[in-house]
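Working through the structure, step by step
As a plain string of letters, each chain reads:
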Amino acid sequence: MTTAPSATTDEAPRPPAPAPAKSTWATLRPLVLRLHFYAGVVVAPFLLVAALTGLLYAASFQAEKIVYDHELTVPVGERALPVSEQVAAAREAHPGGTIAAVRPSPEEGATTRVMLSGIPGVDPARTLAVFVDPYTAEVRGALEQYGSTGALPLRTWIDEFHRDLHLGETGRLYSEFAASWLWVIAGGGLVLWFSRRRALRTVRGTTGRRRTLGLHGSVGAWAAIGFVFLSATGLTWSTYAGANIADLRTSLGQETPSVSAAGGEHAGHGAAAGPAGDAAHGVGLDQVLAAARAEGLGDPVEIVPPADASSAYVVKQIQRSWPVKQDSVAVDPGTGQVTDVLRFADHPVLAKLSRWGIDLHTGSLFGLPNQIALMALASALILLILWGYRMWWRRGRGSAFGRPVPRGAWQQVPPYVLVPLLALIAVLGYFVPLLGIPLALFLAVDIVLGEIAHRRGRRTYGGGPAVR
């Protein structure tokens, strides 16, 4: 009987093989996952409100046309009356206040709007729009109007609900908070979705929590670019981040220019025809409009009377849909001559991008297709939030993807990655305060909770065992 030879006693034991070094992404993924999870849970209620009200606002453009059809449209007549006659009819029906602007009928079958400011009972930030039949000078009605897009009461109410929940300046913080975090959550989710194996991204044939995760990731991946766009454009006119963006544009010489309304050498001559701020001031609306037409300003346009005896009329195109018409001219009230011309083509690049971005965000740039796309994005965000909360509710079952990653994962990130990352976060936090301040608070609370867990002997690092 033979036996296998035993190992010699003087043979040195082999050292254990070193653990393979983690890739940079492997160390960053737990941080992205933890941020996406907690930001989604905390910010989602604000995003849900923004999505629901944004959905209503995108639909309000078409609803406005239906609700106010009587004021907005008239039967097409044979010949439009001079604008001055239409304004006179509006003033006869509403003699109070002063004329802030006039928007001649932009197309056949559309009414002319005469906007009056200083009307008792009308919010000073708004005007009373008097709708006049351009063919008969019949006054079709009067409604409060808000903003440069001419929003009427229904759209104005929804717009303010979306912007500040009818809570004023304090309420605007909710929408800025949501916009500040939307791109972070969308970007983090997109990175996590692409980092998962293709088999784990599959929706077909799955059930339960894994199916919800697949739907959440797939829809989020398709909509992520749209969310980032909505976030960026929404911040451009927010309270704090918007002010920083405006300051940056000013420092770069990229602010939006405006036509000079200073009158020419004949400004004030002929002023006896009407006081400053009245549409009959100087040469009158019809000659002013003719001068603007001669400079190539096609419909739709808005005529703003001189602010005082030394100012000029300003005529500006107000079409926000593509192709954008935003040229403007100043017309001397004494002579009817054009004293200044500003073409949209001459605007700085950032001014143009800001104009297009805001109009695309609000659904004006491409009309109905733009509004449908916004409604689809809002609906997708609502579904993603509901799916996200469902996964959170069921995070203890099945896949562990939805569980928050244990604290301390940042300690695994190499310094050459962590230091620039912290610097970038600091810069972003400075320019977008409602991202930076909540993130700092979250980190402070997380550190305190981690220290409490450490003292109780339950602290973990990146999923490892408890450290005492």
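Calculation criteria
- Residues numbered from 1 in each chain as written.
- Predicted model: local features only at pLDDT ≥ 70, side-chain atom pairs only at ≥ 80, totals over all residues.
- Heavy atoms only, no water.
- Helix = DSSP H or I, 4+ residues; strand = E, 2+ residues; numbered from the N terminus.
- Buried < 20%, exposed > 50% of the residue type's maximum accessible area, 1.4 Å probe, protein only.
- Contact = heavy atoms within 4.5 Å.
- Areas by Shrake-Rupley, 256 points an atom, 1.4 Å probe, with all protein chains shown as cover.
- Patch = residues over 30% accessible without salt bridge, like charges linked within 9 Å, V, L, I, M, F, W, Y side chains within 5 Å.
- Salt bridge = Lys/Arg side-chain N within 4 Å of Asp/Glu carboxyl O.
- Pairing = 2+ DSSP bridges.
- pLDDT = per-residue confidence, 0-100.
- Axes fitted to C-alpha atoms, helices over the stretch in contact; angles between N-to-C directions.
- Left-handed = near helix turned anticlockwise from the far one by under 90°.
- Nonpolar A, V, L, I, M, F, W, Y, C, P; charged D, E, K, R; others polar.
- Phe/Tyr/Trp six-rings, centres within 6.5 Å; stacked < 30°, edge-to-face > 60°.
- Lys NZ or Arg CZ within 6 Å of the ring centre and 35° of its normal.
- Polar contact = N/O pair within 3.5 Å; in protein donor to acceptor, adjacent residues only side chain to side chain.
- Expected span 1.5 Å × (residues − 1).
- Core = buried A, V, L, I, M, F, W, Y, C linked by side-chain atoms within 4.5 Å.
- Parallel < 35°, antiparallel > 145°, perpendicular 65-115°, else oblique.

**Brief notes about the overall build of the protein**
- Assigned secondary structure in the protein consists of 12 helices and 8 strands.
- Expressed as a percentage of its 468 residues, the buried residues of the protein come to 44%.
- At a minimum sequence separation of 6, the contacts of the protein that also span at least 24 residues come to 63%.
- Accessible surface, the protein as shown: approximately 24700 Å² in total, 64% of it carbon and sulfur.

**Some points on helix α3 (residues 83-93)**
- Within the span of α3, buried status applies to V83, Q86, V87, A89, A90 and R91.
- Packing partners of the buried residues in α3 comprise β1 (98-103), β2 (112-117), β3 (127-132), β4 (139-145) and α8 (285-294).

**Focus: a nonpolar patch on the surface**
- Side chains of L248, L252, V349, L350 and L353 sit close together on the surface and give an oily, nonpolar patch of about 450 Å² of accessible area.
- No other element matches the 3 residues that helix α9 (residues 349-362) contributes to the nonpolar patch.
- Structurally, L350 is set in helix α9.
- Using a relative accessible area of 31% as the deciding quantity, one classes L350 as partly exposed.

**Comments concerning the pairing of strand β8 (residues 338-342)**
- Sheet topology note: the strand β7 (residues 328-331)/β8 ladder contains 4 bridges and is antiparallel. In the sheet register, A330 faces β8, and the bridge partner there is D340.

**What about the confidence of the model for the protein?**
- In the predicted model, the protein carries a mean pLDDT of 86, and the fraction of residues at 70 or more is 82%.
- Scored below 50 in pLDDT, residues 269-277 makes 18 contacts in the model with residues more than four places away or belonging to other chains.
- Segment residues 398-402: pLDDT under 50, and 10 contacts once partners within four positions in sequence are set aside and those in other chains are kept.

**Description of the packing of helix α6 (residues 208-235) against helix α10 (residues 367-393)**
- Interaxial distance between α6 and α10 falls to 9 Å at its minimum, and their mutual angle equals 140°. Classified by chirality, the crossing of α10 by α6 is left-handed. For the pair formed by α6 and α10, the contact residues are G208, R209, T212, L213, L215, H216, V219, G220, A223, G226, F227 and L230 on the first element and L374, L377, A380, L381, L384, W387, G388, R390 and M391 on the second.
- Of the residues in the contact of α6 with α10, the class split is 13 nonpolar, 6 polar and 2 charged.

**Observations regarding the packing of aromatic side chains**
- Throughout the structure, instances matching the rule amount to 11 aromatic pairs.
- Centroid distance Y389 to W392: 5.8 Å. Interplanar angle 50°. Geometry classified as tilted. Linking Y389 with W392, this pair stays in helix α10, spanning 3 residues, or about one helical turn.
- Within the aromatic cluster, the residues linked to one another by ring pairs are W322, F344, W356 and F366.
- A cation over a ring is seen here: R155 above F61, with NZ or CZ 4.4 Å from the ring centre.

**Digging into the pattern of salt bridges**
- Within the structure shown, the criterion is met by 13 salt bridges.
- For D359, the salt bridge is made with R355, and the minimal N-O distance between the two is 3.0 Å. Of this pair, D359 and R355 are both found in helix α9, 4 residues apart, which corresponds to roughly one turn of the helix.

**Some remarks on the side chain of H216**
- Mapping H216 onto the fold places it in helix α6.
- The class for H216 is buried, based on a relative accessible area of 18%.
- One polar contact links the side chain of H216 to the main-chain carbonyl oxygen of L384, over a distance of 3.1 Å.
- In contact with H216, other than residues within four places in its own chain, are H36, L384, W387, G388 and M391.

**Let's talk about helix α4 (residues 153-164)**
- Between its first and last C-alpha atoms α4 spans 16 Å; for 12 residues at 1.5 Å apiece the expected length is 16 Å, and the two agree.
- Listed in full, the buried residues belonging to α4 are R155, T156, I158, D159, E160, R163 and D164.
- If you follow the buried residues of α4, they end up packed against α1 (24-67) and α5 (172-195).

**Considering the nonpolar core**
- Membership of the largest hydrophobic core comes to 33 residues, with the highest contact counts inside it found for V43, L47, W181, L182, I185, F227 and L381.
- Counting residues in hydrophobic clusters, the runner-up holds 24 residues, among them L116, V288, L289 and A291.

**Brief notes about the packing of α4 against α5**
- The N-to-C vectors of α4 and α5 enclose an angle of 65°; their axes lie 6 Å apart at closest approach. Taken together, α4 and α5 sit at an angle that is classed as roughly perpendicular. On the side of α4, the interface is formed by F161, H162, R163 and D164, while α5 contributes R172, Y174 and S175.

**Quick word on the environment of W181**
- Position of W181 among the secondary structure elements: in helix α5.
- W181 gets classed as buried once you look at its relative accessible area, which sits at 5%.
- Beyond its immediate chain neighbours, meaning those up to four positions away, W181 contacts L35, A39, V43, L434, L435, P438 and L439.

**Let's talk about unusual backbone geometry**
- Omega for the bond connecting D299 with P300 falls within 30 degrees of zero, at -5°, which places this linkage in the cis form.
- The omega angle of the peptide bond from W322 to P323 is -5°, so this bond is cis rather than trans.
- Mapped onto the fold, P323 is located in the loop between β6 (313-317) and β7.
- Phi is positive for L165, which is not a glycine, with a value near 60°.
- Although it is not a glycine, H166 adopts a positive phi angle of roughly 60°.
- Counting through the fold element by element, H166 comes out in the loop between α4 and α5.
- Since its relative accessible area comes to 34%, H166 is described here as partly exposed.

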